[in-house]
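Notes for the structure review
Here is how the chains run, residue by residue.
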Amino acid sequence: MDALFFPLLLALLAGFMFLSIRKQKKRMNEMQEMQNSVSTGVRVQLTAGLYATVVDDSSPDYVDLEIATGVITRFSRQAVVRVVPTDEAAETYPGALTARPEGLDDEPQDTATDPSTGSRADDSYSADRPEGSTEDR
């Protein structure tokens, strides 16, 4: 009985490894097939979670993607994780709101100056400037 236990255990382990490797190869082939079949106009999701529209798919190594209106970038085809189905594609566009959020005024606001300090708002922090800088004065 003990003499059959070890070979049986090895056979089960080998069978499990064979099946898992086969499943992994099948999944990898499906992914490569999907990445190679991406065509112009298709909405895709990238490995970083970024959604984009394919603009140019002429190269076998990379695709040109539009990530925002007028912003085109080049990514490796391997960065494409999935093709977004047509019924979900509208939800992945920025600003695809179905209703206007509460609290937004219809009147545009002047954001050039901060009313509390009277200084101009910009993207830099005061900590980024050397002491005694007269840039904001």
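Refer to the structure presented above.
Attention in this report is confined to the structure presented alongside it. (Residues numbered from 1 in each chain as written. Predicted model: local features only at pLDDT ≥ 70, side-chain atom pairs only at ≥ 80, totals over all residues. Heavy atoms only, no water.)

**Focus: the sheet that holds strand 3 (residues 62-68)**
Sheet strands pair via backbone hydrogen bonds, and the direction of the pair is either parallel or antiparallel. The strand order across the open sheet formed by five strands is 4-3-2-1-5, and the pairing between neighbours is antiparallel. The open sheet has two edge strands with one neighbour each: strand 4 (71-76) and strand 5 (80-83). Strand-to-strand twist in this sheet, taken as the mean axis angle between neighbours without regard to direction, amounts to 45°. As judged from the three bridges shared by strand 2 (residues 51-56) and strand 3, these two strands associate in the antiparallel manner. In the strand pairing of strand 3, Asp-56 is matched with Asp-64. (Pairing = 2+ DSSP bridges. Helix = DSSP H or I, 4+ residues; strand = E, 2+ residues; numbered from the N terminus. Axes fitted to C-alpha atoms, helices over the stretch in contact; angles between N-to-C directions.)

**Overview of the pairing of strand 4**
Note: strand 3 against strand 4, six bridges, orientation antiparallel. If you follow Asp-64 over to strand 4, its bridge partner there is Arg-74. Connecting strand 3 to the next strand, strand 4, in antiparallel fashion are two residues, including Gly-70 with a positive phi near 85°.

**With respect to the nonpolar core**
Membership of the largest hydrophobic core is limited to ten residues, which are Met-34, Val-38, Val-44, Leu-46, Ala-52, Val-54, Val-63, Leu-65, Ala-79 and Val-80. If you list the elements that add at least two residues to this core, you get strand 1 (43-46), strand 2 and strand 3. Sequence-distant contacts of Val-54, that is, excluding residues within four places in its chain, are made with Val-38, Ser-39, Thr-40, Gly-41, Val-42, Val-44, Asp-64 and Leu-65. (Core = buried A, V, L, I, M, F, W, Y, C linked by side-chain atoms within 4.5 Å. Buried < 20%, exposed > 50% of the residue type's maximum accessible area, 1.4 Å probe, protein only. Contact = heavy atoms within 4.5 Å.)

**Details of the environment of Thr-47**
Relative to the elements of secondary structure, Thr-47 occurs in the loop between strand 1 and strand 2. Classification of Thr-47 by relative accessible area gives exposed; the value is 59%. For Thr-47, the contacting residues outside a window of four places in its chain are Gln-78, Ala-79 and Val-81.

**Re a nonpolar patch on the surface**
Among the surface-exposed residues, Phe-6, Leu-10, Leu-13, Phe-16, Met-17 and Ile-21 lie close enough to one another that they form a single nonpolar patch of about 630 Å² accessible area. For Phe-6, the position within the fold is in helix 1 (residues 2-36). Judged by relative accessible area, Phe-6 falls into the exposed class, the value being 54%. (Patch = residues over 30% accessible without salt bridge, like charges linked within 9 Å, V, L, I, M, F, W, Y side chains within 5 Å. Areas by Shrake-Rupley, 256 points an atom, 1.4 Å probe, with all protein chains shown as cover. Salt bridge = Lys/Arg side-chain N within 4 Å of Asp/Glu carboxyl O.)

**Things to note about helix 1**
In a regular helix each residue adds 1.5 Å, so 35 residues correspond to 51 Å; helix 1 covers 52 Å between its end C-alpha atoms and thus fits that length. With two of 35 residues buried, helix 1 is to be regarded as a mostly surface element. (Expected span 1.5 Å × (residues − 1).)

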